[in-house]
Amino acid sequence: MTDTMKHTLLFVFVGVLILAEGATDFLFFSGSWNSALVILNMGLISAIMAIGVNIQWGFAGLFNVGIMGFTALGGLAVVLTSTPVIPEAWSSGGVSIVMALVMGALTVVSGVMITKFMAPGKARMLVLAAVMIVGFFVYRAIFDPAVGSVEAINPALQGNIGGLGLPVLLAWPAGGLLAAGAAWLIGKTALGLRSDYLAIATLGIAEIILAVLKNEDWLSRGVKNVVGLPRPLPYEVDLQNDPAFVESAAGFGMDPVLASTIYVKAGYALLFTAVLLAFLWMAQMALKSPWGRMMRAIRDNETAAEAMGKDVTRRHLQIFVLGSAICGIAGAMMTTLDSQLTPGTYNPLRFTFLIWVMVIVGGSGNNFGAVLGGMLIWFFWIKVEPMGILLMELVTSGMAEGSELKAHLLASASHMRLFTMGLILLLVLRFSPRGLIPEK
Amino acid sequence: MDLLNALVALTNFVVIPGLAYGSQLALGALGVTLIYGILRFSNFAHGDTMAFGAMVTILFTWAFQSMGISFGVLPTALLALPFGIAGTILLALLTDRTVYRFYREQKAKPVIFVMVSLGVMFMMNGLVRFIIGPGDQRFADGERFIIKARTFKQMTGLNEGLAIKTTQGITVITAIIVVAVLFWFLNKTRTGKSMRAYSDNEDLALLSGINPERVVMYTWMIVAALATIAGVLYGLDKSFKPFTYFQLLLPIFASAIVGGLGNPLGAIAGGFIIAFSEVTITYAWKKVLNYSLPDSLAPDGLVQLLSTDYKFAVSFAILIVVLLFKPTGLFKGKAV
């Protein structure tokens, strides 16, 4: 069997799994097309994130464990771009907030300038400290009252500065831009450090981004969540009230409620597939181009690449920004799909490390591998829970009814997820370190 | 008198919590730094090793409590600690045997080890959640305070109270004992010396007949013990929740890196630097300033530099600053 055959069969296998989810309720399948489409949609988004990580790790060997932060920034972009404009917020404090942020940025920039242009020594330290401290207090003095007045506006529904009222699809590239900006800042400081320092730095930045989203209520309403974000597709209720839609659903012999839910989810699936294919094509082109070959050369031997005149740090920065932007776009797509931003639900195990499992299982360095890993691991992430419950029922079937151990085992079955993902990662790393679809 | 009140308030809200938290971080960072020095990779599973150790200890604590065994005024968990350490050592050795040894024989790159430790992290995290659940567990018992705020006020006649929790006292004392024993072990015993030799120069150590597998085994045992002690102390002082332990990874790594990875002394210093910066920057200074400044200068606001939710940002900022200006850490760590 040729490799191409094998790889096609792997994709067919994932397709069959998702089709089976919709068609049959045998074992752990649910037999609901809605559930199949939900898995498919998140699988597509996961595949895009996996492409982003694969560009950083597979192409350039950068170890980024801050994916959660970039995903969350993408989500924030949806709020900032697509929610309606709140004029009161801008008249009361929005302008001051922007001014305060500019002040803060200026302080940091002048700090960088001072370190760059003054000779090292006590004088530099003193000036730097003075600028930083004064800048911080000025920033807080402008920022705090402005935030108070913005958060006081209709706090039950808004209490944040709102958005720009633009179409929600524009939020996707905006999410990419936001993530790219953050990645540039991090890359500027942390790239060039050793690989595990970069890992710790990205881990930290992701936690900080999340802390900002959770606590800065003026920006994202914090843990009060932003719900009811605009959608690119019609609402199910509107479809059900649309006589033309009901008629065509009846033509297929479908109940209008079911038809409308499937119509919307299938619409998302089409949109996401289009984005995924675009990124896959771009990533493939980049991989085959001289640029991609240079990246792999840098990955395999930095010193040799540097000797050939390649600016390693710059190239690393470039690819770090690109990969993070893709994760940001995927994050914006996910928030659009949920049509709500819930900062409390972001968890590094799910949004960072699971993506890593996807990339490694799929095959790092291979874009098709990343896509396969994304879809496959996402399916198992969802399905490990019902599988675990089935397994536990089997294990405990011999135990006495009402025994404490049996109750505990059945209740804890849902925690099998993380354990299984770890096991899969370790098995792949040990027995097939190049993944399901290895790099060519 | 006012100055005394300011001092007491400062001790109560900054110095004592900082000392306790710093000791916990230092113990955690020692584990990370030992793994880095000897096995030469950043162990992402360390937070979850701490959670596992704390969990085993909690299970034994509950067993003792149900049997009616107690440790008087001290928490029962201290009696259960040796069992927790034993359990964690078993797990660490098992993980090394089944997972890490293969890559050591392959001479895999450090970043592969980090990936592998991610897998181990997932599995341990799942295991802990599976056994004890994801929720909060409190297991501290015995006397709650060494000094109560009210008793202190009555004793001294000051306005400000000083409260020292038993768990804070135990944390600091245990940390001192553990660090003393560890340094004695590393500097005086044959095994400790061979560990240091192996960490400094692997080839020379091998040449002089040191058995690497033995060194690695002892390292895992010590790291498991340190992780369990750190995990139990943290759980006693605050509360046990698996996810919090995962989040401790960041300040612990920051401590180890700030001090210089691979340098035990640096890990301890780093732990206290990170802990005190977190506490001082997120503390509302209003009270202390009100006491120490004349009335005309008394501040209006809380004088809190950052809200406590940003404590990660503090350890992160210190980490970045140290890395930019002194890439091997304050105490000359090693760079692989």
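Our structure's up above, just so we're on the same page.
Residues numbered from 1 in each chain as written. Chains lettered and ligands numbered in written order. Predicted model: local features only at pLDDT ≥ 70, side-chain atom pairs only at ≥ 80, totals over all residues.

Side note on the overall build of chain A
A count of helices and strands for chain A gives 18 helices and two strands. Its C-alpha atoms give chain A a radius of gyration of 25 Å, near enough to 22 Å, the size a compact globule of 440 residues would have. Based on the C-alpha atoms only, the size of chain A along its principal axes is roughly 75 × 60 × 50 Å. A burial count over chain A gives 42% of its 440 residues as buried. (Helix = DSSP H or I, 4+ residues; strand = E, 2+ residues; numbered from the N terminus. Rg over C-alpha atoms; globule rule 2.2 N^0.38 Å. Buried ≥ 20, exposed ≤ 12 C-beta atoms within 10 Å, placed from the backbone.)

Structural notes on the overall build of chain B
Helix and strand counts for chain B stand at 14 helices and two strands. In summary, chain B has a C-alpha radius of gyration of 21 Å against a globular reference of 20 Å for 336 residues, a match within 12%. Its C-alpha atoms put chain B at 70 × 55 × 35 Å along the principal axes. For chain B, the residues scored as buried account for 47% of the 336 residues in total. Within chain B, contacts between residues separated by at least 24 positions form 76% of all contacts whose residues are at least 6 apart in sequence. (Contact = placed C-beta atoms within 7 Å.)

Overview of the environment of Trp356(A)
Looking at where Trp356(A) falls in the secondary structure, it is placed in helix α15 (residues 348-362). Between the alpha carbons of Trp356(A) and Ala50(A) there is a distance of 7.5 Å; along the sequence they are 306 residues apart. When residues no more than four places from it in sequence are discounted, the contact partners of Trp356(A) are Val53(A) and Leu118(B).

Comments concerning the interface of chain B and chain A
Residue-level contacts link 34 residues of chain B with 34 residues of chain A. Among the elements of the structure, α3 (77-106), α4 (110-132), α11 (249-259) and α14 (311-325) of chain B are those that each provide at least two residues to the side of chain B that touches chain A. Split by residue class, the side of chain B that touches chain A holds 26 nonpolar, six polar and two charged. (Nonpolar A, V, L, I, M, F, W, Y, C, P; charged D, E, K, R; others polar.)

Structural notes on the environment of Thr303(A)
Summarising the element assignment, Thr303(A) is placed in helix α13 (residues 302-307). Thr303(A) sits 94 residues away from Ile209(A) along the chain, and the two C-alpha atoms are 34 Å apart.

A few points about the packing of helix α7 (residues 195-215) of chain A against α11(B)
The interhelical angle for the contact between α7(A) and α11(B), taken along N-to-C directions, is 140°, at an axis separation of 10 Å. Relative to α11(B), the element α7(A) is oriented oblique. Crossing handedness for the pair α7(A) and α11(B): left-handed. Contacts between α7(A) and α11(B) involve Tyr197(A), Ile200(A), Leu203(A), Gly204(A) and Glu207(A) on the former and, on the latter, Leu250(B), Phe253(B) and Ile257(B). Split into classes, the residues belonging to the contact of α7(A) with α11(B) amount to six nonpolar, one polar and one charged. (Axes fitted to C-alpha atoms, helices over the stretch in contact; angles between N-to-C directions. Parallel < 35°, antiparallel > 145°, perpendicular 65-115°, else oblique. Left-handed = near helix turned anticlockwise from the far one by under 90°.)

Some thoughts on the nonpolar core
Ile48(A), Ala50(A), Ile51(A), Ile326(A), Val357(A), Ile257(B) and Leu319(B) are the most contacted members of the largest nonpolar core, which has 215 residues in total. With 17 residues, helix α1 (residues 2-39) of chain B is the largest single contributor of residues to this core. With sequence-adjacent residues up to four places away left out, Ile257(B) is seen in contact with Tyr197(A), Ile200(A), Leu319(B), Leu323(B) and Gly329(B). Counting 10 residues, the second largest nonpolar core, distinct from the first, contains Ile86(A), Ala89(A), Ala100(A) and Val150(A). (Core = buried A, V, L, I, M, F, W, Y, C linked by C-beta atoms within 7 Å.)

Brief notes about α15(A)
All names here are of chain A. The end-to-end C-alpha distance of α15, which contains 15 residues, comes to 20 Å, matching closely the 21 Å that a straight helix rising 1.5 Å per residue would cover. The sharpest bend along α15 measures roughly 30° and falls at Leu-354. Counting buried positions along α15 gives 13 out of 15 residues, so the element sits mostly inside the fold. (Expected span 1.5 Å × (residues − 1). Bend = angle between axes of the 7 residues up to and from the residue.)

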